[in-house]
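# Fold and contact review
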Amino acid sequence: MKIELARHYGMCFGVRDALRKTHDLASREPITVLGQLVHNSVVQEHLETLGVRQGNLETEERPSTEAVVITAHGASDQARKSWRSRGHEVFDTTCPLVKRAHRSLECLVLAGYFPVVIGKRDHVEVRGLIGDFPEAVVVLNADDLGQIPAETERLGVVSQTTQPVDRVEALVAEMHRRFPSAEIRQVDTVCQPTKDRQRAILELCERNGVIVVVGGSNSNNTGQLVETAARLGCRAHRVERPAELKSQWFSKGDRVGVTAGTSTLDETVHAVVERLRIIAKEKESLGIFDALKALG
């Protein structure tokens with residue numbers, strides 16, 4: 001059983017910076033994070049040990065702390081103003097690449113383009129993107145394009161930063177087909193860490209038949225990695241921590257690739273790899289035992 005770690009994996013700089021800033025704030029004063037800082041239960045448990053409280057960005061219910069934190073996924077300007085108007089000190093840990101997506105959408109709207117966002121409508125990042133532009137249409141597949149007004153002459157397109165590049169390209173191509181007379185301007189807002197991890201999973205699947213993806217159950221980019229591996233014919237397993245690995249997923253001769261979503265701590269990935277090495281040794285020992293038994 002061979003184990004290979006992806007060329008690009010795990011926590012991106014935006015998430016790491018958000019975690020570091022929140023950690024520093026929590027050491028100075030009581031804080032409430034408005035949502036999940038990152039989509040990772042291991043990180044969430046760590047924050048709870050620091051006394052960090054969790055609130056809801058979109059609720060009117062006020063938390064008990066004066067200081068509140070916008071998560072790495074971002075928020076609308078309207079939401080920020082609302083929290084400040086209620087007397088809270090707002091600390092912003094939005095990833096710079098998510099901020100770029102916000103600025104890109106705003107510029108397109110100001111230039112007269114009808115806003116289209118490629119992504120998951122219920123994802124916190126997308127809700128933040130369209131929060132200041134309620135007219136925006138969110139699309140995730142070709143069927144969703146029917147929501148765009150047929151008479152639209154100018155379409156401005158951005159995407160959720162963790163969307164697969166091939167999905168974005170396919171949807172933009174379909175927009176050109178369905179709206180041949182419209183001017184379509186797309187700003188590529190899929191972030192580089194996501195692109196790196198998507199390319200790395202393709203390389204990993206070329207050499208390995210089993211893929212372990214480490215990341216939160218509600219992490220979009222982690223889910224995309226699992227879907228990609230499965231689509232390429234690999235046996236794909238998703239875990240949040242080493243204890244979730246099951247020995248029966250693997251056989252002695254397997255080649256196992258390991259990668260992780262952008263909200264996953266390096267320490268967790270390394271612990272998963274170490275657990276896989278233990279499983280590999282167990283498989284090897286069983287193989288030797290079976291061989292000796294066969295010899296009588």
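Here the structure is shown first, and the text comes after it.
It should be emphasised that the depicted structure is a prediction, and the values quoted were computed from it without experimental measurement.

## Let's talk about helix H4 (residues 96-110)
Taking 1.5 Å of rise per residue, the 15 residues of H4 would be expected to cover 21 Å, and the 21 Å separating its terminal C-alpha atoms lies within 8% of that figure. Those residues of H4 that sit buried are Val-98, Ala-101, His-102, Ser-104, Leu-105 and Leu-108. Taken down its axis, H4 places every buried residue within 160° of arc, on the same side. Buried residues along H4 sit in contact with strand E6 (114-118), helix H5 (124-130), strand E8 (154-159) and strand E9 (183-186).

## Here we look at the sheet that holds E9
One open sheet holds the four strands; their spatial order is E7-E6-E8-E9, and the pairing between them is parallel. Single-partner strands in this sheet number two, and they are strand E7 (137-139) and E9. If you compare each strand with its neighbour and ignore which way they point, the axes differ by 25° on average. Two strands pair when backbone bridges link them, and E6 and E7 are joined in this way by three bridges, in the parallel orientation. Each bridged residue has a counterpart across the sheet, and for Val-117 the counterpart in E7 is Val-138. Across the face of the sheet, H4 comes into contact with E6, E8 and E9 while running at roughly 175° to E8. Where helix H6 (residues 165-178) meets the sheet, it contacts E6, E7, E8 and E9, and its direction lies at approximately 145° from that of E6.

## Examining helix H7 (residues 192-207)
When the terminal C-alpha atoms of H7 are compared, their 23 Å separation across 16 residues agrees well with the 22 Å that a helix rising 1.5 Å per residue should span. Listed in full, the buried residues belonging to H7 are Pro-193, Thr-194, Lys-195, Asp-196, Arg-197, Gln-198, Ala-200, Ile-201, Leu-204 and Cys-205.

## With respect to the environment of Arg-100
Mapped onto the secondary structure, Arg-100 falls in helix H4. C-alpha separation for the pair Arg-100 and Thr-189, spaced 89 residues apart in sequence, amounts to 7.4 Å. Apart from the residues within four sequence positions on either side, Arg-100 is in contact with Val-187, Asp-188 and Thr-189. Side-chain polar atoms of Arg-100 contact the backbone oxygen of Asp-188, separated by 2.9 Å.

## A few points about the packing of aromatic side chains
Within this structure, the stated rule accounts for one aromatic pair. Measuring from centroid to centroid gives 6.2 Å for Trp-249 and Phe-250, while their planes differ by 65°, and the two rings are edge-to-face. Residue placement shows Arg-86 over the ring face of Trp-83; its charged tip is 4.1 Å from the ring centre. Just above the ring of Tyr-113 sits the side chain of Arg-154; from NZ or CZ to the centre is 4.0 Å.

## Regarding the pattern of salt bridges
Once their charged atoms are close, side chains differing in charge can pair, the charge on each being opposite to the other. By the definition in use, this model includes 16 salt bridges. Here Arg-16 and Asp-266 are joined by a salt bridge, their closest N and O atoms 3.6 Å apart. With a gap of 250 residues between them, Arg-16 in helix H1 (residues 13-26) and Asp-266 in helix H9 (residues 266-294) connect regions that are remote in the sequence. Two residues, Asp-196 and Arg-199, come together in a salt bridge whose shortest N-O distance is 2.8 Å. Linking Asp-196 with Arg-199, this pair stays in helix H7, spanning three residues, or about one helical turn.

## Digging into the nonpolar core
Counting residues in hydrophobic clusters, the biggest one holds 29 residues, and the most contacted among them are Ile-211, Val-212, Leu-245, Phe-250 and Leu-276. Of all the secondary-structure elements, those providing two or more residues to this core are H7, strand E10 (210-214), helix H8 (220-231), strand E12 (255-260) and H9. When residues in this core are grouped by element, the largest group, six residues, is from H9. Leaving out residues up to four positions away in the same chain, Ile-211 has contacts with Ile-201, Leu-204, Cys-205, Ala-229, Cys-234, Arg-235, Ala-236, His-237 and Gly-257. Ranked by size, the runner-up nonpolar core spans 20 residues in total, among them Ile-31, Val-33, Val-38 and Val-52.

## Points about the sheet that holds strand E2 (residues 31-34)
The parallel open sheet is built from four strands, whose spatial order is E3-E2-E4-E5. Here the strands that pair on one side only, and so sit at the sheet edges, are strand E3 (53-55) and strand E5 (89-92). Neighbouring strand axes in the sheet, compared pairwise and without regard to direction, differ in orientation by 35° on average. The pairing of E2 with strand E4 (residues 67-70) spans three bridges and is parallel. When the bridges of E4 are listed, Thr-32 appears paired with Val-68. The sheet strands contacting helix H3 (residues 77-85) are E2, E4 and E5, and the helix crosses E5 at an angle near 145°.

Basis of the calculations
- Residues numbered from 1 in each chain as written.
- Predicted model: local features only at pLDDT ≥ 70, side-chain atom pairs only at ≥ 80, totals over all residues.
- Heavy atoms only, no water.
- Helix = DSSP H or I, 4+ residues; strand = E, 2+ residues; numbered from the N terminus.
- Expected span 1.5 Å × (residues − 1).
- Buried < 20%, exposed > 50% of the residue type's maximum accessible area, 1.4 Å probe, protein only.
- Arc of directions from axis to C-beta.
- Contact = heavy atoms within 4.5 Å.
- Pairing = 2+ DSSP bridges.
- Axes fitted to C-alpha atoms, helices over the stretch in contact; angles between N-to-C directions.
- Polar contact = N/O pair within 3.5 Å; in protein donor to acceptor, adjacent residues only side chain to side chain.
- Phe/Tyr/Trp six-rings, centres within 6.5 Å; stacked < 30°, edge-to-face > 60°.
- Lys NZ or Arg CZ within 6 Å of the ring centre and 35° of its normal.
- Salt bridge = Lys/Arg side-chain N within 4 Å of Asp/Glu carboxyl O.
- Core = buried A, V, L, I, M, F, W, Y, C linked by side-chain atoms within 4.5 Å.

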